[in-house]
Amino acid sequence: MSNNNPQTQQWQTLSSDHHLAPFSDYKQLKEKGPRIITKAQGVHLWDSEGHKVLDGMAGLWCVAVGYGREELVQAAANQMRELPYYNLFFQTAHPPALELARAVVDVAPEGMSHVFFTGSGSEGNDTVLRLVRHYWALQGKPQKKTIISRVNGYHGSTVAGASLGGMSGMHEQGDLPIPGIVHIAQPYWYGEGGDLSPDAFGVWAANQLEEKILELGVDQVGAFIAEPIQGAGGVIIPPDTYWPRIKEILAKYDILFVADEVICGFGRTGEWFGSDYYGLQPDLMTIAKGLTSGYVPMGGVIVRDRVAKVISEGGDFNHGFTYSGHPVAAAVGLANLRLLHDENIIGRVKAETAPYLQKRLRELADHPLVGEVRGLGMLGAIELVKDKATRQRYEGQGVGMICRQFCFDNGLIMRAVGDTMIIAPPLVINREEIDELVTKARMCLDLTLNAVHG
Ligand SMILES: *Cc1c(COP(=O)(O)O)cnc(C)c1O
């Protein structure tokens with residue numbers, strides 16, 4: 001990359017001398033140095049070399065209202081002046097956390113009227129594990145503690161989050177999962193459906209839940225956790241038969257259902273929650289990311305009334321974080337929800353921009369490198385393959401990373417999950433910007449095809 005700015009080199013030196021980066025290939029990072037992002041506005045980022053980039057990933061799925069919203073800046077500044085910090089432990093509270101709890105409940109599914117706040121999505125899922133086990137113990141069933149999750153699900157990177165998640169690379173480092181967490185197959189038809197039709201595969205994948213419950217014994221199982229749509233796993237949209245069958249199984253057995261709404265929540269599907277989109281009735285919902293549009297860190301768990309009742313009548317709950325319900329984060333969350341309401345951002349996604357994005361994205365399906373384009377709301381995935389008919393991949397060539405690099409160099413952030421390219425732009429992306437995204441994506445697919453066929 002060109003060096004127009006001498007500071008770029010200095011920052012890259014700081015990176016290799018002093019910074020241990022999250023989720024990064026350290027060898028690569030040292031060789032090339034990180035790209036330094038210095039500012040952002042709307043759906044665009046700028047790097048330290050002055051390049052403008054369309055952020056097709058909304059940061060890490062979080063910047064729902066786009067960058068540079070002065071309303072959020074003002075909310076943070078005002079709250080910092082008024083009360084920059086206080087905690088919610090030991091019989092105290094403060095207005096922003098309480099008002100945000102109310103505002104979140106107002107948009108949550110019917111019958112979910114309590115929120116436990118955390119500092120992140122991972123902490124939210126740690127809280128889920130504690131809540132599930134505490135809930136059953138309070139009812140005299142402490143052995144109902146196993147949580148069923150899914151291979152290739154993502155639930156964060158703390159010990160509980162990574163254990164609940166089904167990422168083998170994460171499990172390998174740190175002797176995970178911790179005991180009491182088991183994984184079933186994911187509903188990834190394109191990658192794993194073989195000769196089954198999507199519908200038949202969806203039923204098969206859902207039935208894995210029942211088989212696991214019966215194998216373990218329902219008296220041992222506390223909960224099932226799943227993302228309505230897997231995000232980090234590769235924007236995996238289950239076949240239409242999957243959630244209805246899961247709902248039948250959940251109705252049959254006395255276990256809790258946890259929807260990890262960290263990505264799907266706050267409008268990404270065109271509904272407030274992925275659970276609304278699929279008509280799910282979770283007992284617990286993990287939230288983060290879009291809650292504050294990523295302007296400040298915050299997460300939480302929304303809890304169904306029958307669970308909240310047991311917990312709140314259960315005496316001490318020995319769990320919490322210094323920054324649970326942090327007043328500045330809560331104030332930003334409130335301002336963020338106000339923007340989502342006042343500007344009808346989710347309504348616009350559903351009625352206008354998501355249908356347009358999905359239509360334009362699917363035009364890429366004719367590209368020789370593309371095996372499938374799928375998407376829903378402001379989520380999309382493009383499967384890169386060698387053979388469209390057999391879904392055969394380019395073995396060992398890292399086509400996804402090649403494509404990601406071309407995007408990176410040509411002004412578009414698209415993420416690669418193996419050879420699946422994924423997007424999740426800010427919810428406020430408009431038609432022109434969607435055109436820009438699709439045009440750049442096609443150009444980068446062309447460049448990638450050239451590179452692999454030389
Ligand atoms: C990002 C994510 C998390 C973890 O959130 P952090 O804020 O990074 O801890 C959990 N679940 C899902 C579905 C996520 O996408």
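We now turn to the structure provided with this report. Note that the structure is predicted; figures quoted are calculated from it, not measured.

It is worth spelling out the environment of phenylalanine 266 at this point. Mapped onto the fold, phenylalanine 266 is located in the loop between strand 8 (256-260) and helix 12 (274-278). Residue phenylalanine 266 is classed as buried on the basis of its relative accessible area, which comes to 1%. Sequence separation between phenylalanine 266 and isoleucine 346 is 80 residues, and the spatial gap between their C-alpha atoms is 7.9 Å. Here phenylalanine 266 is in contact with Val107, Trp272, Phe273, Ile287, Ala288, Gly290, Leu291, Leu337, Leu340, Ile346 and Leu427, once residues within four sequence places are set aside.

For the rest of this paragraph, the subject is the pairing of strand 11 (residues 370-376). Of all 7 residues in strand 11, 6 are buried, a share of seventy percent or more. Pairing of strand 11 with strand 12 (residues 379-384) involves 6 bridges; the strand directions are antiparallel. The partner of leucine 376 across the bridge, within strand 12, is leucine 379. Two successive antiparallel strands, strand 11 and strand 12, enclose a turn made up of 2 residues, where glycine 377 displays a positive phi of approximately 55°.

A few words now on empty space enclosed by the protein. Tallied over the full model, the rule gives 1 cavity of 30 Å³ or more. Taken as a whole, the largest cavity encloses approximately 40 Å³ of empty space. Lining the largest cavity we find Trp61, Ala64, Ile263, Gly265, Phe266, Arg268, Gly290 and Leu427. Across the lining of the largest cavity, the residue classes break down as 5 nonpolar, 2 polar and 1 charged.

With respect to the secondary-structure elements, arginine 69 resides in the loop between helix 3 (58-61) and helix 4 (70-82). According to the relative accessible area criterion, arginine 69 is buried, its value standing at 16%. If near-sequence neighbours (up to four positions away) are discounted, arginine 69 is found in contact with Tyr295, Leu339 and Glu343.

Let us look at the sheet that holds strand 1 (residues 37-41). Judged by pairing direction, the sheet is mixed, and its 4 strands sit side by side in the order 1-2-3-13 without closing on themselves. Two strands close off the open sheet at either side, each with one partner strand: strand 1 and strand 13 (412-413). Note that strand 3 (residues 52-55) and strand 13 share 2 bridges and pair parallel. Paired with leucine 54 across the strands is leucine 412, a residue of strand 13.

Reading guide: rules and limits
Residues numbered from 1 in each chain as written. Predicted model: local features only at pLDDT ≥ 70, side-chain atom pairs only at ≥ 80, totals over all residues. Heavy atoms only, no water. Helix = DSSP H or I, 4+ residues; strand = E, 2+ residues; numbered from the N terminus. Buried < 20%, exposed > 50% of the residue type's maximum accessible area, 1.4 Å probe, protein only. Contact = heavy atoms within 4.5 Å. Pairing = 2+ DSSP bridges. 1 Å grid on protein atoms, 1.4 Å probe; cavity = no way out; pocket = protein on both sides within 12 Å on 5 of 7 lines; lining within 4 Å. Points joined across faces, edges and corners; volume = space filled by probe spheres on them. Nonpolar A, V, L, I, M, F, W, Y, C, P; charged D, E, K, R; others polar.

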